[in-house]
Structures are given as C-alpha cells and as structure tokens.
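Tertiary structure, described
Chain by chain, the residues:
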Amino acid sequence: MSVPFQCLLLLSFLTVYLLVANARSIPEPFNNVDQNIFITLANYRHRFERSMNIKKLRWAFNSLNSTALCEACDLLVPEMRVLIMINRTDLIDDVAIRFCKYYKLLDENVCLGAVNEYKNIVIEVLAISPLSNKELCSLAFECQAPPYFPVVGWNVTFPDKPKPTPRPPQPPTAGAPKLNILHLSDVHIDFSYKPGSQADCSQPLCCRGGQPAPGHTGAGFWGDYRNCDIPYWTAEAILKYAAELEKVDFIYYTGDLPAHNVWNQSRADQLYSINTINSMLTTVFPNKTFYSAVGNHEAAPCNLYPTPNIRTDNISWLYEALADNWIRLGLPADTRDSILNGAFYTTLIRPGLRLISLNMNYCSRENFWLLVNSTDPLGLPADTRDSILNGAFYTTLIRPGLRLISLNMNYCSRENFWLLVNSTDPLGQLQWLVDWLQYAEDHEEKVHIIGHHPPRSCLASFGWNFYKIVNRYENTIAGQFYGHSHLDEFLMFYDEENRTRPVSMAYMGPSLTTSSYLNPGYRVYSMDGDYEGSSFWTLDHRTVIMNLTASNMYNRTIFTDEYDARDAYQMENLFPNDWDNVVQRAKSDIDGPLMGLIYQYYTKSYADGSQCDHNCRRGLLCSYLTARADDPHACDSIPTFV
C-alpha cells in the first residue's frame, strides 16, 4: 500500500470520523476486501449511531475490540506526522480529493465537504499534540483499557472536608408541593426540509431535495422516520402543544439545535439556527425560564470546541451568541461572564430561606448591663442549640435552595479533536464543579446538573473524575439531565466501594427530532417541590410523543402520553434505590416483558421488545449501568446465556 493511500486512510478516519462507522462493529481485521465491506456497511457514522439495528449489532459484538482501527492508526500516524514535518500536507489534499471523486461508495459532496471542514484541524492536532503516536491512537480510538497512559490521566482536587454520612432521599408527605419541569433536547430543525423529497438518499441527511426512487415514498409532511431531521413547522407544533397543555414551572433545554448536515455548515448557518429557534421559544413560552446547555452541533465544524491553548481557532463567536440567547430565555445577567468563558454556569433556581432569630435585649437601653459594654455583646453562634444556650438567638434553614449547574460536556467528548492536544480538565470545568458543589453542601443547597453529552460519552479521565464527584456529593446532587442520544435512557451511579449501593442516577431525555427512526417527543418531570425539607428529587416523569405515522396519515399532529415511569415500571418512587430495583428485576428476567418494555420506550415506541433479542437486551441494560467510559466491570453482574 502506497504512502499517499495510507495517509488518505488516516485522514478519512479522522476527518470523516463523524460520518464513518465505528470499526468495533466489524468482526474481522482490515485487509483489502474488508475495506470495501467496512465502508459499504458503515455508510455514515451518525446513521449508525441513531439506527436501532446497528446498536443491536454493536451489543451483539460487544466483546470485540477496535484492533483493526488501532493498528491502522498506529501505522499511519507516524507517516502523517512526517509529511506534516516536511511541509508536504499538499499531498494529503490531493489524495483526499481524488479519493472523494473516485470512491463511489461515499457521496462525493459529503466527502469533499467533510475533508474541507476537518482537514486543517486534524493536521494541526497531529502537528502540535504532545502525545506520542501510540498515546494519540489510544486516546482517539480507545485502543487500551483505562487509564491509557499517565500523560492523559489527571485528578480533580477535593476540599479537605469529610464526606457527610449518606442521606438517601425520602418520599414527601401527602399533599407536599411539587415542581413540574419540561425537558427539551436535540431539536435539530432542518430549515431545508422539503415534503415529498427523497427520504432515503445517499447522504447522511435526507428529505432536502430530489425525487423519490420508483417504489419509494417521499418525505412526509410532518417529518420522516428515515435519515431526516424535523421540519420547522413540526417543531413549532410540538412546542405549542406543550406550552398549551403542560403546566410547568421552568424548562431544561439540553442542546443540539442545528440539523445534521455537518459536512457543509458555516458559523452563519449555526447562528441562524440558534437565533431562529430560540426566538420561536421565547414566543411560544413567553413567561418561562429556560435553563440551557450547549450541544455538540452548535459549533462549526461540529464537535470542535477549542481549548484556550489553541490559538488558531476561537469559539467566542458561539459563546457570545449563547450568552445573548440564554439570558433572553430567562437566565440572570450575572451568568454572562461564565457563559462567555466556556458555556457553563451556575445559578439559583429556587433560593433557600433562612430564619434568623435575634435576642434584641442585647440592644435595649433598659438592659443596664450594656452600660458596662455595649459592643456586639455576643459572637456568631456555632449551631442552633449552642447558640440558644449562648445567647437565645440562632439561625436555621427553613427551606433549602435549588441550584442549577450547566456543564459544557463538549470539553469531555472524544469527538472533540482539540482534546487530543490537551484533555486535562479543559477550562478547569470539573474543578469549578467541585468548588460549587462544596459551596452548595456548605449552604445546604440541592443541585441539579444539566449537560448535553451524558458522562459515559466522555474521555476516561473526565468520566472517572466525574463519577468520583457524584460519589462525594451524593447528598447534594438531586438530579442529572442530559440529551445527545436522541433516545429515552437512564444512567446509574453506584458507590465506588460498595458497587451494589446506588448513589445517583441521570436521565437522557428524548429528542424532538425524528433522526433516525424515532417519534419526536419531550418529557415532563414531577419534582419534590419548594418547601421545608424538600429533596428536589424527581418523583415521576411522563414522556409525550408525536405519532409520526398517524400524523402523516391524517395530515394533523397526533400526540400521545407514551408512559409514566412509576406506573410503567411499577416503582414506588424514582430515587436511585427504586431505579436499582428496576435494574435488578430486569437482570433476573432479561428476556421477559420488563426489558421488552424498556426497549420499546428506549425507541420512543418506534419498535417493541420483540425486535430486541437477548444480546440486544443485555447490551441495552449494560449501557444503563455504564455511567463512566471504559468501565471494564460495569456489566459483570448482568447474566449471559444460561
């Protein structure tokens, strides 16, 4: 194999990594025949990520590793770096263009667009990354089990304060106030959607033009299950339905607004999507506060969020737009500086209420003892009892506050190539998280965390540090809410020492987009409300979907309450122990109706449990137990075939 072709392969792996399938789903090593099979089967990466069949294939082959891709990376990275060192990157340009023009299994426009978008960034990453060739491949393609190499391992620092005794959340008393929260995620509006157009095209995103092939139906008016995003009018109809029907107190909004045409998006395109969609939200929900998180698709190019040490790329154009939009959607103005710094922030949703009782006899002119000394007679109290004994004044928290922390999870994603230059706690975000969680613990606040990528999508060091943080502050963190997968999922967090004791859990909300093979939907959480002793934990949630088949058939939007979690899964509450109970019941009867129901709701009722066999079900359950990337023992307790 010639050097140019080897260079091309690596460039294709890296620059079209968003579009090409993960090689771990292919059981055989690379050879000339396998290359054709691989690309033919792979098609484009995001289709695989959203496809039920591919997810089932990956779960079925979950014991296979990425040996082929890693060996290719180990072989080609040194040669790429030599070309860069001798300033012959023009060879890469020439070969990449030839490849896109002559390799007919990839759409030429998509291939050229992806190379144009990502080529220079990949070359710069290879040029300036301090990682060795083996380290770079290991980090990019998970070629070794964690912790990979010491150079990419790091740890956050915890305050020198002991962890309080765990206090699991308790059910509220009957009639206690509740809060209702709407969760919107992965909107992905395609402003170029054309009803009747080709819905099964050769590009990663369809329903944008062209005539359907003979015997094929065109794109539906309200949307399409195939490789298409949602049209503007459908998104608007769903949001208006939610605004009119749902009585919510505020909204969690976890990112990904632009469509999936990642090979030809500009900054202007992304800003148009962000401004237009957020303007619609302010109109549809005029008096509601949105607590927002940034997705991977807001950037241009997609996924690429440069860290401060990258001088050739700048993300301030996006963060300025996000700050303006998020504050217009209800965030307080004092979040602006943090958003401009890294698109993460914290704010109080519900301030706490503290009672201070003073002994005013220590200021009375009728208290003759003050003639001896009237200068602040007593100091600050240690706690209520000691304070009362000390001077009959005290303070106590009547109602805890609820703090929101929004994270930019793009600084943990392996799809952000800039992290191959430096992945050590980019922007100090995790250390910042520790500091605020400690502040919340000290001030008896509860915290909800929102973000786009769930923690399992993070590079290992970030994910394992995050897991430690959740363990340390289990009494403070009352909920985690993410998006990204488009599917209906949850994640379990367990005690690091006692792996059977659940300490936290996270929800991945359903997407508004249909991409791919999904009904559009949203979720409403019922929370323990604003009162003395509130846990602020989720008590129940209800998922609403638009039946896309029926909506297109009858030419009107048709909505249904898909399920309520407590009723569907026969749960007493939705605390970590209750979700662990669901997991244990599913483990004990993995081929039974409960796992079938979990799979159905996972697909937003596009499919049912009969379409998910034993390996598929085991893989799905394993994904719910893998809250940190590359945890080799997360799924040991799930039985295999008996």
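- The name given to the protein chain in an unreviewed UniProt entry is Sphingomyelin phosphodiesterase, and the organism recorded there is Rotaria magnacalcarata.
- Under the UniProt heading Function (unreviewed entry), the note attached to the protein chain is "Converts sphingomyelin to ceramide."
- The UniProt entry for the protein chain carries the following text under Catalytic activity (unreviewed entry): "a sphingomyelin + H2O = phosphocholine + an N-acylsphing-4-enine + H(+)".

1. Notes on the overall build of the protein chain
- Scanning the protein chain from terminus to terminus reveals 20 helices and 14 strands.
- Burial status across the protein chain gives 58% buried among its 642 residues.
- Look at the contacts in the protein chain between residues 6 or more apart in sequence, and 74% of them connect residues 24 or more apart.
- Accessible surface, the protein chain: about 26,200 Å² in total, of which carbon and sulfur atoms supply 53%.

2. Observations regarding helix α19 (residues 593-602)
- By the criterion of burial, α19 is predominantly enclosed, with 7 of the 10 residues buried.
- Where α19 is concerned, the buried positions are Leu594, Met595, Gly596, Ile598, Tyr599, Tyr601 and Tyr602.
- Once α19 ends, the next one or two residues include lysine 604, with phi positive near 55°.

3. Overview of unusual backbone geometry
- Going from alanine 300 to proline 301, the amide bond is cis rather than trans, its omega being 0°.
- Along the chain, proline 301 turns up in the loop between β3 (290-292) and α11 (316-328).
- Serine 516 follows serine 515 through a cis peptide bond whose omega is -20°.
- Note on placement: serine 516 falls in the loop between β11 (502-508) and β12 (521-528).

4. What about the pairing of strand β7 (residues 402-406)?
- Of all 5 residues making up β7, 5 are buried, and the element is well covered by its neighbours.
- The alternating pattern of β7 places Leu402, Leu404 and Ser406 on one face and Arg403 and Ile405 on the opposite face, and all of these are buried.
- Pairing geometry for strand β4 (residues 345-350) and β7, over 5 bridges, is antiparallel. Counted as the bridge partner of leucine 348 is arginine 403 from β7.
- Sheet topology note: the β7/strand β8 (residues 446-450) ladder contains 5 bridges and is parallel. Bridge pairing links leucine 404 to histidine 448 in β8.
- Handedness of the crossover is the feature at issue here: the chain leaves β7, passes through helix α14 (residues 429-442), returns alongside β8, and the resulting connection is right-handed.

5. What to know about the UniProt feature "binding site: Zn(2+) 2" (unreviewed entry) in the protein chain
- The sites that carry the UniProt feature "binding site: Zn(2+) 2" (unreviewed entry) are, in the present numbering, Asp256, Asn296, His452 and His484. Spanning 229 residues, the named residues form one tight spatial group whose C-alpha atoms are at most 8.4 Å apart.
- Considering the arrangement of structural elements, one finds histidine 452 in the loop between β8 and α15 (460-472).
- A relative accessible area of 0% means that histidine 452 is categorised as buried.
- In contact with histidine 452, not counting residues within four places along its chain, are Asp186, Thr254, Gly255, Asp256, Ala293, Val294, Gly295, Asn296, Met409, Tyr482, Gly483 and His484.
- One can find histidine 484 in the loop between β9 (477-482) and β10 (489-494).
- Polar side-chain contacts of histidine 484 include one of 3.1 Å to the side chain of histidine 452.

6. Looking at the pattern of salt bridges
- For the structure shown, the criterion picks out 24 salt bridges.
- With its nearest N and O atoms 2.9 Å apart, the salt bridge here joins aspartate 190 to arginine 208. Residue aspartate 190 is found in the loop between β1 (178-184) and α9 (232-245), and its partner arginine 208 is found in the loop between β1 and α9; the two are separated by 18 residues along the sequence.
- Across the pair arginine 501 and glutamate 474 runs a salt bridge, and its minimum N-O distance is 2.8 Å. Highlighted residues: arginine 501 in the loop between β10 and β11 and glutamate 474 in the loop between α15 and β9, separated in sequence by 27 residues.
- The class for glutamate 474 is buried, based on a relative accessible area of 9%.
- Salt bridges linked by common partners bring Lys163, Glu474, Asp495 and Arg501 together as one network.

7. Quick look at helix α8 (residues 133-141)
- For α8, the buried fraction is high: 7 of the 9 residues fall into the buried class.
- By the burial criterion, the buried members of α8 are Glu135, Leu136, Cys137, Ser138, Leu139, Ala140 and Phe141.
- Positive backbone phi, at 55°, marks glutamate 142, one or two positions downstream of α8.

Rules used throughout
Residues numbered from 1 in each chain as written. Predicted model: local features only at pLDDT ≥ 70, side-chain atom pairs only at ≥ 80, totals over all residues. Heavy atoms only, no water. UniProt positions renumbered as here; feature names shortened; annotations may be inferred. Helix = DSSP H or I, 4+ residues; strand = E, 2+ residues; numbered from the N terminus. Buried < 20%, exposed > 50% of the residue type's maximum accessible area, 1.4 Å probe, protein only. Contact = heavy atoms within 4.5 Å. Areas by Shrake-Rupley, 256 points an atom, 1.4 Å probe, with all protein chains shown as cover. Pairing = 2+ DSSP bridges. Right-handed = clockwise from strand over helix to strand, strands pointing away. Polar contact = N/O pair within 3.5 Å; in protein donor to acceptor, adjacent residues only side chain to side chain. Salt bridge = Lys/Arg side-chain N within 4 Å of Asp/Glu carboxyl O.

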